[in-house]
Amino acid sequence: MSLNFCVLSSGSSGNCSVIWTDKTAILIDLGCSSKYLTENLDILGISPQKLEAVMITHAHMDHISASGFNFIAKNNIPICTHENVLKDISKKYGDKIEKCANITFSKNFELKDLAIESFDVHHKDRNISKTLGFTFFHFLNKRQYKIGYITDTGKICDKIIANLINTNILVIESNYNRMMLEASLRPYDNKAWILSDNGHLSNECAAMAVCKIKKLSTKADSLKYVFLAHISHHNNMQDLALKTAREIFSQNNINDIKLFTAKRKQKSPTIRIK
Ligand SMILES: [Zn+2]
């Protein structure tokens, strides 16, 4: 019996992760190509038939791609998301989504031996009306384990923190270094949106959020594994995101987190709890 987690790819070129147990598997987001998904799931030993659903955080193309649709249509895997996210996806992929089964939910539901909760995060623009964060729960050895998943948010509010308390594995956006973003040649409007409360999260804000969650958590193995995700290719560097997080953790006397960066088109190590 085990609970397993792997980031298949992270960043503006495509986001996708997979959680699997002995009984089931689910994808989170679908920003990779059908070929990439097929190859990497095969390496992990997960057959497409085992996939119960794909959870979608929001309708930006790096989280749900046309090629990803081909993968789920071919393998008959339902999309699972909030109805407003589904409406955003329909606007972009109308004919494709009509061919897929889909499940909408309000907040909490179960897929086999995984319980799932969703909550709002702060990420909107003129094309998307809603973005979700998720927590996944699984019972193993008479106790509950929790995975938190939050990419794409302009800020971390108290409600988000409350949802992520006592997560054993946390994926959190660490999108940009502020100086690199401000010095970049991006159009002013785009920079202003990234920096806004509905844009993306800086390295510092991500690390501070992890510290807050850690301080409020009551279980000894909370935040044992943290993935810094959605690291910008242009306005950040993997090493810089890690360095910033480690410095802020150290200032807060936190030294028991195994920290990873989630990379572009490169599978992360698999975290296996058993
Ligand atoms: Zn987005």
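Notes on the structure follow. (Residues numbered from 1 in each chain as written. Predicted model: local features only at pLDDT ≥ 70, side-chain atom pairs only at ≥ 80, totals over all residues. Heavy atoms only, no water.)

## Details of helix α7 (residues 203-216)
With 14 residues, α7 ought to run about 20 Å at 1.5 Å a step, and its terminal C-alpha atoms sit 20 Å apart, in line with that. Of the residues making up α7, those classed as buried are Asn-203, Ala-206, Ala-207, Ala-209, Val-210, Cys-211, Ile-213 and Lys-214. Summarising the contacts, the buried residues of α7 are in contact with α4 (158-164), β11 (169-173), β12 (225-229) and α8 (238-251). (Helix = DSSP H or I, 4+ residues; strand = E, 2+ residues; numbered from the N terminus. Expected span 1.5 Å × (residues − 1). Buried < 20%, exposed > 50% of the residue type's maximum accessible area, 1.4 Å probe, protein only. Contact = heavy atoms within 4.5 Å.)

## Structural notes on the packing of aromatic side chains
Taken as a whole and judged by the stated rule, the model has four aromatic pairs. For the pair Phe-227 and Phe-260, a centre-to-centre distance of 4.9 Å together with 15 degrees between the ring planes defines the contact as stacked. Note that Phe-227 is positioned in strand β12 and Phe-260 in strand β13 (residues 258-261), a separation of 33 residues in sequence. Across this residue pair, the class does not change: Phe-227 and Phe-260 are buried. The residue whose ring lies beneath Arg-143 is Tyr-145, and the NZ or CZ to ring-centre distance is 4.1 Å. (Phe/Tyr/Trp six-rings, centres within 6.5 Å; stacked < 30°, edge-to-face > 60°. Lys NZ or Arg CZ within 6 Å of the ring centre and 35° of its normal.)

## As for the coordination of the zinc ion
Here the zinc ion is held by His-58 (NE2), His-60 (ND1), His-123 (NE2) and Asp-152 (OD), and the distances to it run 2.2 to 2.5 Å. Coordination geometry of the zinc ion: the four donor atoms subtend angles of 87 to 175 degrees at the metal centre, consistent with an arrangement described as irregular. In primary-sequence terms, the residues that donate to the zinc ion follow H-x1-H-x62-H-x28-D. Residue classification places His-58 among the buried residues on the basis of a relative accessible area of 0%. Classification of His-60 by relative accessible area gives buried; the value is 14%. (Donors = N, O, S within 2.8 Å, 3.2 Å for Na, K, Ca; no water. Tetrahedral: all angles 85-135°; square planar, octahedral: opposite > 155°, others 65-115°.)

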